[in-house]
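Residue-level structure breakdown
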Amino acid sequence: MARRYDPERRQRIIDAAIRVVGEKGIAGLSHRSVAAEADVPLGSTTYHFKTLDELMVAALRQANEGFAKVVAARGGLEDPHGDLAGELAGWMGEWLAGDRTGVELEYELYLAALRRPALRPVAAEWAQDLAALLSRRTDPVTARALVALMDGICLQVLLTDVPYDEEYAREVLARVVGRGA
């Protein structure tokens, strides 16, 4: 039988990997589990992604787009005189109020970089890109501090039963913004 041309197969494999991690966690990710989820032959996953790390890098890059979409939809710091802390708190609120599984998945892949060095550049890239965006409105050191604080707030919300408190987030972000001004 002739090989069927399937230009969307690579993307379907990435989407399947994201679903597998969402359902089973990183520990449940294998070429076999992804192939079954994507309904493709096992050889297709290893053809497109030689290692699981390569597949996880692609999944993390795609997962990182979730927060970027919130930023883009909200205007991305266009008003130079606007309430930066309020805008950042709003970004987090919108993102955390969205698909909880998707947010958890983004963080699970992001934190997988602790044990998988291949993921570290992608995780660092996300933080650097966000800091670069924030540097339009503040100095680079303050921008990095804001990224770290936002990460911490989001992790606390995900790891505890405490709901996101946008006013608290705005207040603590404002303290960092005020020190960097």
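The preceding data block contains the structure.
Residues numbered from 1 in each chain as written. Predicted model: local features only at pLDDT ≥ 70, side-chain atom pairs only at ≥ 80, totals over all residues. Heavy atoms only, no water.

Turning our eyes to something else, we now look at the overall build of the protein chain. Counting its secondary structure elements, the protein chain contains 10 helices and zero strands. Reading the protein chain from its N terminus to its C terminus gives the helix and strand order α-α-α-α-α-α-α-α-α-α. By its C-alpha atoms, the protein chain is 65 × 35 × 30 Å across when sized along the principal axes. Taken over 181 residues, the protein chain has a buried fraction of 45%. Sequence-distant contacts in the protein chain: of pairs separated by 6 or more residues, those separated by 24 or more amount to 65%. (Helix = DSSP H or I, 4+ residues; strand = E, 2+ residues; numbered from the N terminus. Buried < 20%, exposed > 50% of the residue type's maximum accessible area, 1.4 Å probe, protein only. Contact = heavy atoms within 4.5 Å.)

With that out of the way, let us pick up the packing of helix 8 (residues 120–134) against helix 9 (residues 140–159). One can describe the packing of helix 8 onto helix 9 by two numbers: an axis separation of 8 Å at closest approach and a directional angle of 125°. With respect to their mutual orientation, helix 8 and helix 9 come out oblique. For the crossing formed where helix 8 meets helix 9, the hand is right-handed. From helix 8, Trp126, Ala127, Leu130, Ala131 and Leu134 reach across to helix 9, where they touch Ala143, Arg144, Leu146, Val147, Met150 and Asp151. A per-class count over the contact of helix 8 with helix 9 returns nine nonpolar, no polar and two charged. (Axes fitted to C-alpha atoms, helices over the stretch in contact; angles between N-to-C directions. Parallel < 35°, antiparallel > 145°, perpendicular 65-115°, else oblique. Left-handed = near helix turned anticlockwise from the far one by under 90°. Nonpolar A, V, L, I, M, F, W, Y, C, P; charged D, E, K, R; others polar.)

Further remarks concern the environment of aspartate 165. With respect to the helices and strands, the residue aspartate 165 is situated in the loop between helix 9 and helix 10 (166–180). According to the relative accessible area criterion, aspartate 165 is partly exposed, its value standing at 42%. Separated by 73 residues in the primary sequence, aspartate 165 and methionine 92 have C-alpha atoms spaced 9.9 Å apart.

Moving on: the nonpolar core. Nonpolar side chains tend to gather and get buried jointly when the protein is soluble and globular. Grouped together as the largest cluster of nonpolar side chains are 61 residues, with contacts concentrated most on Trp91, Leu109, Leu130, Leu134, Met150 and Leu173. Contact partners of leucine 109, with chain neighbours within four places excluded, come to Val21, Ile26, Met56, Ala59, Leu60, Ala63 and Leu119. (Core = buried A, V, L, I, M, F, W, Y, C linked by side-chain atoms within 4.5 Å.)

Running from N to C, helix 1 (residues 9–24) and helix 7 (residues 100–111) point in directions that differ by 95°, and their axes come no closer than 10 Å. Put simply, helix 1 runs roughly perpendicular to helix 7. For the pair helix 1 and helix 7, the contacting residues are Ile18, Val21 and Gly22 in the first and Thr101, Leu105, Glu108 and Leu109 in the second. Taken together, the residues of the contact of helix 1 with helix 7 sort by class into four nonpolar, two polar and one charged.

Tracing the backbone through its elements, the reader meets glycine 25 in the loop between helix 1 and helix 2 (31–38). Overall, glycine 25 belongs to the buried group, its relative accessible area being 12%. Those residues in contact with glycine 25 that lie beyond four places of it in its chain are Val20 and Glu108.

Per the counting criterion, the structure on display carries three aromatic pairs. Here tryptophan 95 and tyrosine 107 contribute two aromatic rings whose centre-to-centre distance is 5.7 Å and whose plane-to-plane angle is 50°, an arrangement assigned as tilted. Here tryptophan 95, found in helix 6 (residues 84–97), pairs with tyrosine 107, found in helix 7; they are 12 residues apart in sequence, far enough to count as distant. Classification of tryptophan 95 by relative accessible area gives buried; the value is 8%. Consider the rings of tyrosine 110 and tryptophan 126, whose centres lie 5.5 Å apart with planes at 70°: the pair is edge-to-face. Here tyrosine 110, found in helix 7, pairs with tryptophan 126, found in helix 8; they are 16 residues apart in sequence, far enough to count as distant. Both residues of the pair, tyrosine 110 and tryptophan 126, belong to the buried class. Through a chain of ring-to-ring contacts, three or more aromatic side chains come together here, namely Trp95, Tyr107, Tyr110 and Trp126. (Phe/Tyr/Trp six-rings, centres within 6.5 Å; stacked < 30°, edge-to-face > 60°.)

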